[in-house]
Amino acid sequence: MSGGRGALHRQLIELARRRVLSAPAAEEGLRLAGVLPDGPAWRRFLEHVCAYGGALACVAGIVFLVAFNWQEWPPIAKFALLQALLAASAAVAWRLGTGRPAGRVALLFAMIVCGALLAYLGQHYQTGADSYQLFLAWGLLILPWVAASRSAAAWALLLVLANLAAQLYAGRFSPFLLDAVGGGWPHPALFWLDLAAAASAEWLGGRLADGGRRRFLPRLAGALTLAVIAAALCGALFDAGRGAGILFWATRAVMALVLAGSFLFYQWRRDLPMLTLCCLAAIAVATAGLTRFLAEGDPGEFALLVVGAFLVAASAGAAVWLRRLQARWAGDAA
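To keep things clear, this report deals only with the structure shown in the data block. (Residues numbered from 1 in each chain as written. Predicted model: local features only at pLDDT ≥ 70, side-chain atom pairs only at ≥ 80, totals over all residues. Heavy atoms only, no water.)

1. Some points on the overall build of the chain
Per the secondary structure count, the chain includes twelve helices and zero strands. Along the chain, helices and strands appear, N-terminal first, in the series α-α-α-α-α-α-α-α-α-α-α-α. Of all 334 residues assigned to the chain, the portion counted as buried reaches 36%. Counting only contacts in the chain whose residues sit at least 6 apart along the sequence, the fraction spanning at least 24 positions is 66%. In the form shown here, the chain has an accessible surface area of approximately 18600 Å², with 68% of it arising from carbon and sulfur atoms. (Helix = DSSP H or I, 4+ residues; strand = E, 2+ residues; numbered from the N terminus. Buried < 20%, exposed > 50% of the residue type's maximum accessible area, 1.4 Å probe, protein only. Contact = heavy atoms within 4.5 Å. Areas by Shrake-Rupley, 256 points an atom, 1.4 Å probe, with all protein chains shown as cover.)

Right under this line is the structure:
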């Protein structure tokens, strides 16, 4: 057998599935090969989870502390507290360096405190700025820190801020893009933003100090892109693009091509989780098209049965295809 840990994992699982190896023998082989986490690996994982979770909890506590005492504290006390925490966390990150997990966590803490400071600045002085300008300014200010951190969590924060700014700039915000069924939304800028982020994350993912091996950042950006594509295409089918111009349909055509190309790309990357999301997005779009077609006539109980049968058949077909694909990859790696 040859290949890296991922290939060895697939090979041992396939041998166990064919009953060439017993389940305990396959588990022991995975443990000896370093695929299954041992004690030190679990400890590193828990350290990362506790460090990042603790940083987020501390920032939330600081935000609530200032908000609860908003009327009692003078402005100088509120801003002095946030600025002192921002300077202290940045100094800790500089002292430890981004090569150490503690330094990256401290820098992420400083990035989030920066956003809280901007929010309180706008709340106190009532600048009249739009909501999207807060997230845009926040992202631009922390961009040098994000680039220096080499952290997947920091890049994920920047990606979320960019998505929030784009949605608020378009004038509509929906956490799960559910408002897209009304047609004409999400804004094309959101699609191009997430598509560029997905392409950049594929190039950047392996260069990060954390999250590169598990493809956290590329999968997050890819999932956002697929969500925007599915929401936009479903919305166009339900609304039938009433009053839409050539730019609307040209953008939707590009989205459909990107969705089709995602199947080819993630097959080449052998990324089964992302292929599963591609299947989910394609099934959602196909279901929306079928529902629109059946609604043209006299919709009734039969139409619901047809849609339900299609969902069952499409989901089963996708599961069988993904299963065969995984088995073939395991055979190729053997």
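2. A few points about the packing of aromatic side chains
The tally for this structure, following the rule as stated, stands at seven aromatic pairs. Note on Tyr 132 and Tyr 169: the rings are 5.1 Å apart at their centroids and 75° apart in plane angle, and the pair reads as edge-to-face. Within this pair, whereas Tyr 132 is found in helix H6 (residues 131-149), its partner Tyr 169 is found in helix H7 (residues 152-169), the two being separated by 37 residues in sequence. Judged by relative accessible area, Tyr 132 falls into the buried class, the value being 19%. Three or more aromatic residues link up through ring pairs in this structure, and these residues are Phe 265, Tyr 266 and Trp 268. (Phe/Tyr/Trp six-rings, centres within 6.5 Å; stacked < 30°, edge-to-face > 60°.)

3. Comments concerning a nonpolar patch on the surface
A cluster of nonpolar residues, Trp 42, Phe 45, Leu 46 and Val 49, forms a patch on the protein surface that exposes about 400 Å² of accessible area. Summarising the element assignment, Trp 42 is placed in helix H3 (residues 39-68). Its relative accessible area of 46% is what places Trp 42 among the partly exposed residues. (Patch = residues over 30% accessible without salt bridge, like charges linked within 9 Å, V, L, I, M, F, W, Y side chains within 5 Å. Salt bridge = Lys/Arg side-chain N within 4 Å of Asp/Glu carboxyl O.)

Keep in mind that these numbers describe shape and distance, not what the molecule does.
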